[in-house]
Amino acid sequence: MRIAITRGVSPAIADCQLTHLERRPIDYERARVQHSAYEAALAALGCQVQALPAEPAMPDSVFVEDLAIVLDEVAILTRPGAVSRRAETASVATALTPFRPLVSIDAPATLDGGDVLRTGRMLSVGLTTRTNQAAVDQLTTVLAPYGYRVQGVPVRGCLHLKSAVTEVAPGTLLGNGQWIDWRAFAGFDVIEVDAAEPYAANGLRIGERVIYPAGFPATAGRLAQHGVALLALDVSELQKAEGAVTCCSLVFESPPRP
Ligand code: CIR
């Protein structure tokens, strides 16, 4: 069974953290409708959605991806780079407890899940305003016994590594080469986002389909040419909070893959 943990949009989302975007009004009701459609898409793609209740005092808490890295063997609880987001971890830990042994990232490390791209047994970890080298070092130590390798990847110009690159098919990455150096991903097939759509690199692959934001027609066309099947969603209100599609869920198998 495939589980997707989500959390309702906080009524305080207008007070979200912003790093690279100007603050614009966020329509809370519209954000909720878009988020419900996102949960429905996860369910349509075979996920059992476990929705945590919204947290009125935690503006960014809809972005559950940042709180944990769920691998087959273990789940890592992060220590978010934004101090305002640290209280989000506790309820995600409770939600994950039935599924995986939990390990925590500790100070001085800071880590946002949006900075972690897993490709097979490799974890690429964005070095950003949210995630530091100490997190790379701790992940390396914790995950070596399970056979994972960890590499730090410098990121410039965007919030998280997965704002800049995601895997849209086995061995195929979609990314923005202005924000990362492709040499960190030697051996992958690369689809570059259209230059007019810098934010178009974040897609959420669930089985054979990729949940993908509407509004990036040129890059969507490139993906179609490569045979990537998209499920397009309007997530415009969540994008104003500097979120996209990977960040609103934690998706994993239960029981874990053997
Ligand atoms: C933040 O700045 O933390 C939120 N406003 C956006 C987090 C988006 N998370 C993600 O892409 N993984």
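Provided above is the structure to which this section pertains.
Throughout this description, residue numbers start from 1 for each chain and increase along the sequence as written. Restriction of local features to residues with pLDDT of at least 70 applies here, the model being predicted, together with a cutoff of 80 or more for giving and counting side-chain atom pairs; totals for whole chains, interfaces and linings are based on all residues. Heavy atoms from the whole structure form the basis of all side-chain values; hydrogens and water molecules are not counted.

### A word on helix H2 (residues 89-96)
Rule in force here: Only protein chains enter the area calculation, which uses a 1.4 Å probe; residues under 20% of their type maximum are buried, those over 50% are exposed, and those in between are partly exposed. Only DSSP runs of H or I covering at least 4 residues are called helices, and only runs of E covering at least 2 are called strands; the numbering of each starts at the N terminus. The directions considered for the arc run from the helix axis to the C-beta atoms.
Burial in H2 covers these residues: Thr-89, Val-92, Ala-93, Ala-95 and Leu-96. In an axial view of H2, the angular spread of the buried residues amounts to 160 degrees, which keeps them on one side of the axis. For H2, the exposed residues set more than 90 degrees away from the buried face come down to Ala-90 and Thr-94.

### Examining the environment of Val-245
Mapped onto the elements of the fold, Val-245 is located in the loop between helix H6 (236-240) and strand E15 (250-253). Under the relative-accessibility criterion, Val-245 is labelled buried at 0%. With 52 residues separating them along the chain, Val-245 and Val-193 place their C-alpha atoms 16 Å apart.

### Topic: the pattern of salt bridges
Going by this rule: What counts as a salt bridge is simple: a side-chain nitrogen of Lys or Arg found within 4 Å of a carboxyl oxygen of Asp or Glu.
Under the counting rule described, the total for this entry stands at 14 salt bridges. As a salt-bridge pair, Asp-66 and Arg-85 come within 2.8 Å of each other at their nearest N and O atoms. In this pair, Asp-66 is assigned in the loop between strand E2 (47-52) and strand E3 (68-70) and Arg-85 in the loop between strand E4 (75-77) and H2, connecting sequence segments 19 residues apart. In this structure, Glu-167 and Arg-205 form a salt bridge, with 3.3 Å as the shortest nitrogen-oxygen distance. Highlighted residues: Glu-167 in strand E9 (residues 165-169) and Arg-205 in strand E12 (residues 204-206), separated in sequence by 38 residues. Classification of Arg-205 by relative accessible area gives partly exposed; the value is 32%. Among the charged side chains, a salt-bridge network with shared partners connects Arg-30, Asp-234, Glu-237 and Lys-240.

### Structural notes on the sheet that holds E4
Stated precisely, the cut-off is as follows: Any two strands are treated as partners once DSSP identifies two or more bridges connecting them. To get an axis, a line is fitted to the C-alpha atoms, and for a helix only the part in contact is used. The angle between two axes follows their N-to-C directions and goes from 0 to 180 degrees.
Strand order across the open sheet formed by 3 strands is E3-E4-E5, with mixed pairing between neighbours. Single-partner strands in this sheet number two, and they are E3 and strand E5 (102-104). The sheet shows a mean angle of 20 degrees between the axes of neighbouring strands, taken without regard to direction. Bridge analysis of E4 against E5 gives 3 bridges, and the strand direction is parallel. The residue of E5 that forms the bridge with Ile-76 is Val-103.

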